[in-house]
Amino acid sequence: MAPSISALRNALSSPAAYPHTPDRIEFEQTHISLVALAPPQVYKIKKPVSLTYLDFSTLERRRHFCEQEVRLNRRLAPDIYEGVVPIVETDDGLRVDGPPDAGTVVEVAVKMRYLDPDQFLDARLARGAASAADLDRVVQTLCAFYESHPSTPDVAEAGRIDRLRAGTEGNFAEAEAEGHVGHLLSRPAHEALRFYADHFYDQRASLLHRRRAEGFIVEGHGDLRLEHVHLTDDRIAIFDCVEFNDELRHLDVASDVAFLAMDLDRKGHPELSRRFAQRMADGLSDPALQTLLPFYKSQRAQIRGKVHGLRAAEDEVPPAERARSRAQARRCYQLALRYAVAGPEPLVVVMMGRPGTGKSTQAEAVARALGWPHLASDRVRKTQMGIPLHQRPDAATRERLYADATTEATYATLRTRALERARRHQGTVLDATFSRPTQRAQLRSTLRAADVPYVFVEVTAPDDELKQRLRRRSTGDATASDARADDFEMLTERYEAPDALEDPRHVRMGTEGTPAQTTLNILKTLIRLSN
């Protein structure tokens, strides 16, 4: 009977368990593997798990996939993978790579060379030691790899749209089954991502058929992340490809490229991400790659969110690591949705409308789903005047607070902050009435001059509903807005709604349904406008 993962870890914590008695031993763990780092060797053990996309439930299956891992990874890291070795139960305890006649083989491991952790691409980027030239070397390595491993009829089957849809639906189903929806991402975000996938497959069906027939479906890497790229002056090793599921390794080359490009975005290197993607498109003579990249980036971010979520649920993972995994899962799901609503560019979402429509509720929900800041005029206005957010000041103070000069300064701050974030390739959700055409025109002019995409979402509600909501505020709801029921006529008179000729990037959104349904409708609208 195979020992438990905790028993294996305890046993392999002893230098005597290894043939070379290492000076130090460290462990890394994922939801499917346990890795013992024992320089100058590394031993990777597959956990006895069975999931929807892999089956390591028996020793023979684990041995088979260990052999697959060595064979497949020698394509891009030929000198790293040394072979598959037994873990033997002896009278003196577990021994790694021990002679089979010394006891019973209870487990197997992939034996690898230990690599300097400072030279992994993620580590180099973190300390500012990775350059565009380094990424270009990766591009050259990958282009040569794809060109030397052309598509085959069996591999190309993975590019059929029904197969692609099935894989996408499987990810959505697993996020549901694992309890991620409503916990690590909201229900509207989840449904918006599903809508985006359906929209993509419908809109890009012709292109996807062509790519399958033209040989762009390859036996790739499948897990092309920064931490799987190791660079030295004389060598690039790209390792740890997907060995346990052909479906995840047989993919459009754009999907492989998207993983590393997404990882660069996620780690705060959007310029390098764009350069990498463009160089790959050029190197492979594949201009359509850029068209597909936002969707595949979104898919890859969702997969990382799922993986981090699974890790966060593992009892053997320390509590602090589980908390980090939950945070990482949320960020990955947010990133996936950002690709869906904004594509490769930053986006400014302007939630506008009369007070009481629910625009602030929606702005907060959309901002949370996307992981962008929610910049509200009510908060900016009061903060700049030094007034507590949830205090409704007296009439004289309100007169100063809502004077034209104060309002102009408030909207100028919103414009400046949105533009600053866009220049860092980051999106923003603005929340203000934008009741005057000049306020909207100034924002449009600022963003258009910087070539920053935007969408005005005008949130609406019937007058009776607005009056009722404003009356509820009068009973003491905590809100930064000072608008109340007795202000209704004045606020309505001041509000100059955009007309049909003002802006093609303006949409109206009613709030007749539940807040969650309205959020979903807004996200769907943003997806349609960006795709």
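Each remark here, short or long, concerns the structure printed above.
Residues numbered from 1 in each chain as written. Predicted model: local features only at pLDDT ≥ 70, side-chain atom pairs only at ≥ 80, totals over all residues. Heavy atoms only, no water.

When helices and strands are counted, the chain shows 21 helices and 17 strands. For the chain, with 531 residues in total, the buried portion stands at 53%. For the chain, the proportion of contacts with a sequence separation of at least 24, taken over those separated by at least 6, is 69%. Here the chain displays about 23200 Å² of accessible surface, and carbon together with sulfur accounts for 49% of that area. Both charge centroids of the chain, one from 74 positive and one from 77 negative side chains, sit 4 Å from each other. (Helix = DSSP H or I, 4+ residues; strand = E, 2+ residues; numbered from the N terminus. Buried < 20%, exposed > 50% of the residue type's maximum accessible area, 1.4 Å probe, protein only. Contact = heavy atoms within 4.5 Å. Areas by Shrake-Rupley, 256 points an atom, 1.4 Å probe, with all protein chains shown as cover. Lys, Arg positive; Asp, Glu negative; His and termini not counted. Charge placed at Lys NZ, Arg CZ, Asp CG, Glu CD.)

Once that is clear, we can look at the side chain of D136. Secondary-structure assignment places D136 in helix α4 (residues 132-148). We classify D136 as buried; its relative accessible area is 15%. Setting aside residues up to four positions removed in sequence, D136 forms contacts with R275 and R279.

This paragraph deals with the packing of helix α10 (residues 253-266) against helix α11 (residues 270-283). Running from N to C, α10 and α11 cross one another at 165°; their axes reach a closest spacing of 7 Å. With respect to each other, α10 and α11 are oriented roughly antiparallel. Between α10 and α11 lies a crossing whose hand is right-handed. Contacts between α10 and α11 involve V257, L260, A261, L264 and D265 from the first element and P270, L272, S273, F276, A277 and M280 from the second. When its residues are assigned to classes, the contact of α10 with α11 shows nine nonpolar, one polar and one charged. (Axes fitted to C-alpha atoms, helices over the stretch in contact; angles between N-to-C directions. Parallel < 35°, antiparallel > 145°, perpendicular 65-115°, else oblique. Left-handed = near helix turned anticlockwise from the far one by under 90°. Nonpolar A, V, L, I, M, F, W, Y, C, P; charged D, E, K, R; others polar.)

Right, let's talk about the nonpolar core for a bit. Core analysis: the largest hydrophobic core is formed by 87 residues, its most contacted members being V138, Y146, F276, M280, L337, V341 and V457. Among all residues touching Y146, those that are not within four sequence positions of it are V218, G220, L224, V253, D256, M280 and L284. One finds V348, V350, Y411 and F434 within the second-largest nonpolar core, a separate group that totals 19 residues. (Core = buried A, V, L, I, M, F, W, Y, C linked by side-chain atoms within 4.5 Å.)

Assignment of secondary structure puts D286 in the loop between α11 and α12 (289-312). The exposure class assigned to D286 is buried, which follows from its relative accessible area of 2%. Looking at D286, its side chain comes within polar contact range of the side chain of R211, at 2.8 Å. For D286, the residues in contact, after removing those within four places along its chain, are R211, F216, V253 and A281. (Polar contact = N/O pair within 3.5 Å; in protein donor to acceptor, adjacent residues only side chain to side chain.)

Moving on to the packing of aromatic side chains. Applying the stated criterion across every chain, the model contains 15 aromatic pairs. Ring geometry for F56 versus F65: centroids 5.7 Å apart, planes at 50°, classification tilted. With a relative accessible area of 9%, F65 lands in the buried category. Here the aromatic cluster, defined as three or more aromatic residues joined through ring pairs, consists of Y196, F200, Y201, F295 and Y296. (Phe/Tyr/Trp six-rings, centres within 6.5 Å; stacked < 30°, edge-to-face > 60°.)

All right, on to the packing of helix α6 (residues 161-177) against α12 then. Where α6 meets α12, the closest approach of the two axes is 10 Å, and the angle between their N-to-C directions is 35°. The hand of the α6/α12 crossing is left-handed. Contacts from L164, T168, N171, F172 and E174 of α6 reach α12 at F295, Y296, Q299, Q302, I303, K306 and L310. Residues that form the contact of α6 with α12 fall into these classes: six nonpolar, four polar and two charged.

Attention now moves to the pattern of salt bridges. As enumerated under the stated definition, the model contains 43 salt bridges in all. The shortest N-O distance in the salt bridge between D79 and R113 comes to 3.2 Å. Linking D79 in the loop between α2 (59-73) and β6 (81-90) with R113 in strand β8 (residues 104-113), this pair joins segments that are 34 residues apart in sequence. Exposure remark for R113: the relative accessible area of 32% places this residue in the partly exposed category. Between R235 and D79 there is a salt bridge whose closest N-O contact spans 3.6 Å. One end of the pair, R235, is in the loop between β10 (229-231) and β11 (236-238); the other, D79, is in the loop between α2 and β6, and 156 residues separate them in sequence. Several salt bridges converge on common partners, so that one network encompasses K44, K46, E69, D240 and E243. (Salt bridge = Lys/Arg side-chain N within 4 Å of Asp/Glu carboxyl O.)

On to the sheet that holds β6, then. Across a sheet, strands are paired by hydrogen bonds formed along the backbone, either parallel or antiparallel in direction. Spatial ordering of the open sheet is given by β1-β2-β3-β8-β6-β7, a layout of six strands whose pairing is antiparallel. Edge positions in the sheet fall to β1 (26-29) and β7 (93-96), since each has one partner strand and no second. For this sheet, the mean inter-axis angle between neighbouring strands, taken without regard to orientation, is 25°. Relative to strand β3 (residues 41-46), strand β2 (residues 33-38) is paired through six bridges, and the arrangement is antiparallel. (Pairing = 2+ DSSP bridges.)

Compared with the 20 Å implied by 1.5 Å per residue over 14 residues, the 20 Å span of α10 between its first and last C-alpha is a close match. Taking the backbone nitrogen of A254 as reference, a side-chain oxygen 2.8 Å away marks D252 as the first, capping residue of α10. One or two steps after α10, the chain reaches G268, where phi turns positive at roughly 85°. (Expected span 1.5 Å × (residues − 1).)

All quantities given are derived from atomic positions and should not be read as evidence of function.
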